[in-house]
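Descriptive analysis of the structure
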Amino acid sequence: MPENATMSANAVHLTPEQVEDPVRGYASLRTRDELPHVVLPGLTTPVRLVTRYADVKAALTEPRLIRDRTRIPGGAEAAEGPDAQDELLEAASAGLPAEYVKYFAGHLALFDGEEHARRRAPLTRAFTARRIAALRAFVERTADGLIAEAGEQGGTDLLGAFAYPLATHVICELIGVEEGDRDQVCTWMRDFAFGDGSRAGEALVALVEYAKELIARRRAQPTEDLISALLQGARDDEDPLTEDDLIGIVFLLINTGITPPALFLAHAVLALLHHPEQAARLHAAPDLLPRAVPELLRYVSIVRIGASLYATEDFDFAGTALRKGETVTVALLAADHDPEEFGDGAERLDVGREFGRGDGHLAFGHGAHYCIGAALGRLVTGVVLDRLFVRRNDLRLAVDRDALEFGHWPGDGFHLLRLPVRL
């Protein structure tokens, strides 16, 4: 039997329920001496899964674990064979126009070293603290308007009619999508990320073509938005971004700036609705808000499984003898519920939890690939918690818990499809 087939037969085949369950899904895996071989839901290729907080943090800064499989010493021969990351990309790109796939397949998370630094540096320079802080008033106005509209109706789908539009308008304000275009951009993104797949190709083409038009507009008439800043940086840089680089960045910001934040906000609200004592605690003590934000980021950890990492050589890691070319994947949700890091109450939501220096969690990753949008994520989360739980205490589920609808993608757990609530 081929070696990969043997590993797959002996691997733990995780279900979506296990991937999203930080306690029962990972408890037995954390106690193993070696990193377990697992097969993620909907995939066939086994990977080594890192579940302990300290090990995940170490993996994300280990120079011998890289993200670009083609850079493993030995070239194509060392990188041949089945790969879980390729399976995910193939599943995500099935039926999409081949000439457009490169714009979402060329994700920053899949590059290393100098190439990653080259692609990330313009974003880092443009994604300034001042630019993010200046968005607060806009975030507050937008959230207030959406809540007022929902209140007039007596309720809303907190994902589709609040979190998703809020995330869309915020990221579009940041990058410079004009107000008249935002509803259309939101529709394309929903078709690309949430639909039944029938319109995904059309939506991808539309998003990329819109990005091209937006770049051309800002090149001709710069404003104060992030795209204009990227274009100015490209003019000043000795190693300027190519047109494809800029299009990829715009698509990356639209893609990662809308769907994951919207899902996180919905799941964070659901977590508080499932823990009414914590919601009441936050309402009674607004000064807990700066603690509640990182705690919900930790507790939810909407990106449950990180990108694949590949060993560049044989070496020992986390009690495991890794071989060159072997695939390692980090379980961020598992790490953020590790009792060794968070104590006996790791599985509990605690809006008063005190964190040490730094984030105190790995929801935004760690190291060179730390989320560029982390500050924006914290700002929006704080505003939403303030508006929905600090300033009011009447938010309720509009359906029974067992009537909530969920779906999942390959390699991941379940995500909300809708969150009906009453206000």
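Use the structure listed above.
The structure presented is a predicted model; accordingly, all values stated were derived computationally and were not measured.

Sheet architecture is open: 3 strands sit in the order β5-β13-β10, paired in antiparallel fashion. Looking along the sheet, the strands with just one partner apiece sit at the ends: β5 (155-157) and β10 (396-397). Where β5 lies against strand β13 (residues 420-422), 3 bridges are found, and the strand directions are antiparallel. From the neighbouring strand, aspartate 157 faces β13, where its bridge partner is proline 420.

Any two aromatic rings considered together are summarised by their centre-to-centre distance and by the angle between their planes. What the rule picks out here adds up to 4 aromatic pairs. Between tyrosine 53 and phenylalanine 342 the ring centres are 5.5 Å apart and the planes differ by 90 degrees, which places this aromatic pair in the edge-to-face class. A residue pair is termed long-range when its members are at least 10 positions apart, and tyrosine 53 in helix α4 (residues 53-59) and phenylalanine 342 in helix α19 (residues 339-342) qualify at 289 residues. Look at phenylalanine 342 and you get buried, because its relative accessible area is 12%. Relative to tyrosine 370, the ring of phenylalanine 364 lies with its centre 6.2 Å away and its plane at 75 degrees, an arrangement referred to as edge-to-face.

What follows deals with the packing of helix α9 (residues 136-153) against helix α20 (residues 374-390). Remark: α9 packs on α20, axes separated minimally by 10 Å, with the N-to-C direction vectors making an angle of 40 degrees. It follows from the interaxial angle that α9 and α20 lie oblique. Between α9 and α20 lies a crossing whose hand is right-handed. Each of Arg136, Val139, Glu140, Ala143, Asp144 and Ile147 in α9 lies in contact with α20, whose residues at this interface are Leu379, Val380, Val383, Arg387 and Leu388. The class makeup of the residues in the contact of α9 with α20 is 7 nonpolar, no polar and 4 charged.

What follows is about the environment of arginine 348. When you line up the elements, arginine 348 lands in the loop between α19 and α20. Counting along the chain gives 309 residues from arginine 348 to valine 39, while the straight-line C-alpha distance between them is 27 Å. Each residue touching arginine 348, except ones within four places of it in the same chain, is listed here: Glu295, Arg298, Tyr299 and Arg353.

Conventions adopted
- Residues numbered from 1 in each chain as written.
- Predicted model: local features only at pLDDT ≥ 70, side-chain atom pairs only at ≥ 80, totals over all residues.
- Heavy atoms only, no water.
- Pairing = 2+ DSSP bridges.
- Helix = DSSP H or I, 4+ residues; strand = E, 2+ residues; numbered from the N terminus.
- Phe/Tyr/Trp six-rings, centres within 6.5 Å; stacked < 30°, edge-to-face > 60°.
- Buried < 20%, exposed > 50% of the residue type's maximum accessible area, 1.4 Å probe, protein only.
- Axes fitted to C-alpha atoms, helices over the stretch in contact; angles between N-to-C directions.
- Parallel < 35°, antiparallel > 145°, perpendicular 65-115°, else oblique.
- Left-handed = near helix turned anticlockwise from the far one by under 90°.
- Contact = heavy atoms within 4.5 Å.
- Nonpolar A, V, L, I, M, F, W, Y, C, P; charged D, E, K, R; others polar.

Fair warning: the whole summary comes from geometry, so function is off the table for now.
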